[in-house]
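Secondary and tertiary structure notes
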Amino acid sequence: MFLFPSIDKEIYPLEINGFKFNSSKDFILGTFGGLKNVPLDKITYEKYDSLLKKSPELTEEFFPNTYKYVKDEINKNSDLMINELKNIDIYLSEGQTIFHGGDCPLKNPKIGDILSVSPIFSATIDPQEASLHALQNGKSTHYFWSIELSQNTRVFPVCIEDQNESEVIVLDGLNLKVVDIQQISYNQTSMTFLFLEQI
C-alpha cells in the first residue's frame, strides 16, 4: 500500500501572484476555480508527478479498457475497468481535496443532500482542470465539484502520451454530503460550485 501525503496540507496557506489563500476553498472562490489568471497547475503538477511515479504506467497492453476510457473519455465499462485495476494499491490521504467538473446527478442540489458516486469516477487534483471540464460539459448549468476526502481513498493516477490533467480515477464508490453551494459569475460565465465532504 502506498499512501500519498495530503497535498492541501503541504501547499496551504498559499501565496501566489500577490494573493493569499488559506485553503483550497479560498482558492476556488477567489479565482473562479483557477481561471482568473492565478494558475495552480505548476504547483499541483510537481506533486502529481511524484504521485504518478508510484503508479503503474497506463498502457493499452496492460490496461486496455482504462486506456481507452482515459484517451477517448467515452465508452466507460466500469466492470472491466474495476477488474483491470483491482490490484492498484495507491491511496490519497484523508484531508486531500479532489475536483470534478461536469454535470450533477442531483436536480437542484441543496445543502445537506447526499450524493453517491459509483466506482470508477474521474477527478483531478488541479482545480483549473475541473473548471475547464465544467465549462465544456455542454449543459446550461456548469457544476464544479470540490470533494474533501475524510478517509484514505484508493485511486489510480493516470497520464497518457501528452495528456496530463493531474487526473485520478477514484476506484471505489464515494458517498458525499453537500456542505456548501456557491454560484459565481466571471466573464459572463456562471458556475455553480458544490462543496462536498466524503461521509
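Heads up: these notes are all about the structure in this document. These figures come from a predicted structure and were not determined experimentally.

With that out of the way, let us pick up the side chain of Gln96. Residue position: Gln96 is located in the loop between strand S4 (90-92) and strand S5 (97-102). A polar atom in the side chain of Gln96 sits 2.7 Å from the backbone nitrogen of Ile7. Sequence-distant contacts of Gln96, that is, excluding residues within four places in its chain, are made with Pro5, Ser6, Ile7, Asp8, Ile125, Ile147, Glu148 and Leu149.

Taken as a whole, the largest pocket holds about 540 Å³ of empty space. Around the largest pocket, the lining is made up of 27 residues, and of these Tyr69, His100, Gly101, Phe121 and Ser122 lie nearest the centre. Elements represented by at least two residues in the lining of the largest pocket include exactly helix H4 (64-72), S5, strand S6 (114-117), strand S7 (121-124), helix H6 (127-135) and strand S10 (163-170). By residue class, the composition of the lining of the largest pocket is 12 nonpolar, nine polar and six charged. Forming the walls of the second largest pocket are 14 residues, and the residues nearest its centre are Ser24, Lys25, Thr97, Ser146 and Glu148. Sorting the residues of the lining of the second largest pocket by element identifies helix H2 (24-31), strand S8 (143-148), strand S11 (174-186) and strand S12 (189-198) as the ones contributing at least two each.

It is worth spelling out empty space enclosed by the protein at this point. Considering all chains together, one arrives at two cavities of 30 Å³ or more under this definition. Of the volumes computed, that of the largest cavity is approximately 60 Å³. Examining the composition of the lining of the largest cavity, we find that three residues originate from one element, helix H1 (residues 7-11), more than from any other. For the lining of the largest cavity, a count of residues per class yields seven nonpolar, three polar and one charged.

The buried fraction of S5 amounts to six of the six residues, a majority that puts the element mostly inside the structure. Neither face of S5 is left uncovered, since the one carrying Thr97, Phe99 and Gly101 and the one carrying Ile98, His100 and Gly102 both have all their residues buried.

For helix H3 (residues 41-52), the full list of buried residues reads Thr44, Tyr48, Leu51 and Leu52. For H3, the angular spread of the buried residues around the axis is 90 degrees, confining them to a single face. Summarising the geometry of H3, the exposed residues directed more than 90 degrees from the buried face are Lys42 and Glu46.

Looking at the element boundaries, Asp180 is found in strand S11. Residue Asp180 is classed as buried on the basis of its relative accessible area of 14%. Between the alpha carbons of Asp180 and Ser146 there is a distance of 9.9 Å; along the sequence they are 34 residues apart. Those residues in contact with Asp180 that lie beyond four places of it in its chain are Lys25, Ile111, Phe193, Leu194 and Phe195. Looking at Asp180, its side chain comes within polar contact range of the side chain of Lys25, at 2.7 Å.

Here we come to the nonpolar core. Core analysis: the biggest nonpolar cluster contains 48 residues, and Trp145, Phe156 and Ile169 have the highest contact counts within it. When residues in this core are grouped by element, the largest group, four residues, is from strand S9 (residues 153-160). Discounting residues that sit within four places of it in the chain, Phe156 has contacts with Ser55, Pro56, Leu58, Phe63, Thr66, Leu85, Ile88, Glu167, Val168, Ile169 and Leu171. Counting residues in hydrophobic clusters, the runner-up holds 11 residues, among them Ile28, Phe32, Leu35 and Ile184.

Time to look at the pattern of salt bridges. This structure, assessed with the given rule, holds five salt bridges. Notably, a salt bridge pairs Asp49 with Lys53, separated by 3.6 Å at the nearest N-O pair. Assessed through its relative accessible area of 23%, Asp49 is described here as partly exposed. A salt bridge links Asp113 to Lys110; the nearest nitrogen and oxygen atoms lie 3.9 Å apart.

Parameters at a glance
- Residues numbered from 1 in each chain as written.
- Predicted model: local features only at pLDDT ≥ 70, side-chain atom pairs only at ≥ 80, totals over all residues.
- Heavy atoms only, no water.
- Helix = DSSP H or I, 4+ residues; strand = E, 2+ residues; numbered from the N terminus.
- Polar contact = N/O pair within 3.5 Å; in protein donor to acceptor, adjacent residues only side chain to side chain.
- Contact = heavy atoms within 4.5 Å.
- 1 Å grid on protein atoms, 1.4 Å probe; cavity = no way out; pocket = protein on both sides within 12 Å on 5 of 7 lines; lining within 4 Å.
- Points joined across faces, edges and corners; volume = space filled by probe spheres on them.
- Nonpolar A, V, L, I, M, F, W, Y, C, P; charged D, E, K, R; others polar.
- Buried < 20%, exposed > 50% of the residue type's maximum accessible area, 1.4 Å probe, protein only.
- Arc of directions from axis to C-beta.
- Core = buried A, V, L, I, M, F, W, Y, C linked by side-chain atoms within 4.5 Å.
- Salt bridge = Lys/Arg side-chain N within 4 Å of Asp/Glu carboxyl O.

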